[in-house]
Amino acid sequence: MKKIVLITTALFAFTACQVEGELTHDKTDKPIELTSVLKYSGDFIGTSGITVSGQAKIYLEGTQYRVKLENFDISSGPDLKVYLSKSSTPSEFVNLGNLTSATVYDIPQQVNVAAYSHVLIHCQQYNHLYAIAILTAN
């Protein structure tokens, strides 16, 4: 019986790590242009013991909206994603990609940016919210 529980647990752990979720757009390493217009911004706050600092800023470059994480630092964690969300929980969101050393993420053209009020840092693997930035119009 213990073997079955151990094997089932191990199998679940291995398959859970493989689920990545659908990304709506790749991250970009292209810097924000000087001609970009700052449209929204918000300071990150951590959740339940997570240390975070920095801001999320949404810029408009021509017709392309882009999220930039500025002065950003966060506690390490597995499978962290950057979400543009309609609320402070990851229920209605656009997955902008994996949180990496890249700090700029393109928002897909079809997204109505005005309908989204938060940028979230979320651990997809364990369904744990790490940080929230409430966006305000500039």
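Residues numbered from 1 in each chain as written. Predicted model: local features only at pLDDT ≥ 70, side-chain atom pairs only at ≥ 80, totals over all residues. Heavy atoms only, no water.

**Student:** How do you make sense of the overall build of the chain when you look at a structure like this?
**Tutor:** Secondary structure assignment for the chain yields one helix and ten strands. From first element to last, N terminus to C terminus, the chain shows the α and β order α-β-β-β-β-β-β-β-β-β-β. Out of the 138 residues belonging to the chain, those deemed buried represent 39%. Put simply, 61% of the contacts in the chain that link residues at least 6 apart link residues at least 24 apart. Taken as a whole, the chain presents about 8000 Å² of accessible surface, with 56% of it coming from carbon and sulfur. (Helix = DSSP H or I, 4+ residues; strand = E, 2+ residues; numbered from the N terminus. Buried < 20%, exposed > 50% of the residue type's maximum accessible area, 1.4 Å probe, protein only. Contact = heavy atoms within 4.5 Å. Areas by Shrake-Rupley, 256 points an atom, 1.4 Å probe, with all protein chains shown as cover.)

**Student:** How should the pattern of salt bridges be read in this particular structure?
**Tutor:** One side chain can pair with another of opposite charge once the charged atoms of both are near each other. Inspection of the entire model under this criterion finds five salt bridges. Arg66 is the salt-bridge partner of Asp106, the closest N and O atoms lying 2.7 Å from each other. Linking Asp106 in strand β7 (residues 104-106) with Arg66 in strand β4 (residues 64-74), this pair joins segments that are 40 residues apart in sequence. Like Asp106, the residue Arg66 is buried in the burial classification. Between Lys86 and Glu92 there is a salt bridge; the shortest N-O distance is 3.7 Å. Take Lys86: its relative accessible area is 37%, and that puts it in the partly exposed class. Classification of Glu92 by relative accessible area gives partly exposed; the value is 47%. One connected set of salt bridges, linked through shared partners, spans Glu61, Arg66 and Asp106. (Salt bridge = Lys/Arg side-chain N within 4 Å of Asp/Glu carboxyl O.)

**Student:** Please explain the side chain of Ser36 as it appears in this structure.
**Tutor:** Counting through the fold element by element, Ser36 comes out in the loop between β1 (27-28) and β2 (37-46). On the accessibility criterion, Ser36 (13% relative accessible area) is buried. Of the polar contacts made by the side chain of Ser36, one reaches the backbone oxygen of Glu33; its length is 3.0 Å. At a separation of 3.0 Å, a polar atom in the side chain of Ser36 contacts the side chain of Glu61. What Ser36 contacts, discounting residues up to four positions off in sequence, is Tyr59, Leu60 and Glu61. (Polar contact = N/O pair within 3.5 Å; in protein donor to acceptor, adjacent residues only side chain to side chain.)

**Student:** Would you mind showing me how to read the packing of aromatic side chains here?
**Tutor:** Think of a pair of aromatic rings as described by two things: how far the centres are apart, and how the planes are tilted against each other in angle. A full pass over the atoms with the stated rule returns two aromatic pairs. Their ring planes at 15° and their centres at 3.9 Å tell us that Tyr83 and Phe93 sit as a pair that is stacked. Of this pair, Tyr83 sits in strand β5 (residues 80-85) while Phe93 sits in strand β6 (residues 93-98), and the two are ten residues apart along the sequence. Sitting over the face of the ring of Tyr116, Lys86 holds its NZ or CZ atom 5.4 Å from the ring centroid. (Phe/Tyr/Trp six-rings, centres within 6.5 Å; stacked < 30°, edge-to-face > 60°. Lys NZ or Arg CZ within 6 Å of the ring centre and 35° of its normal.)

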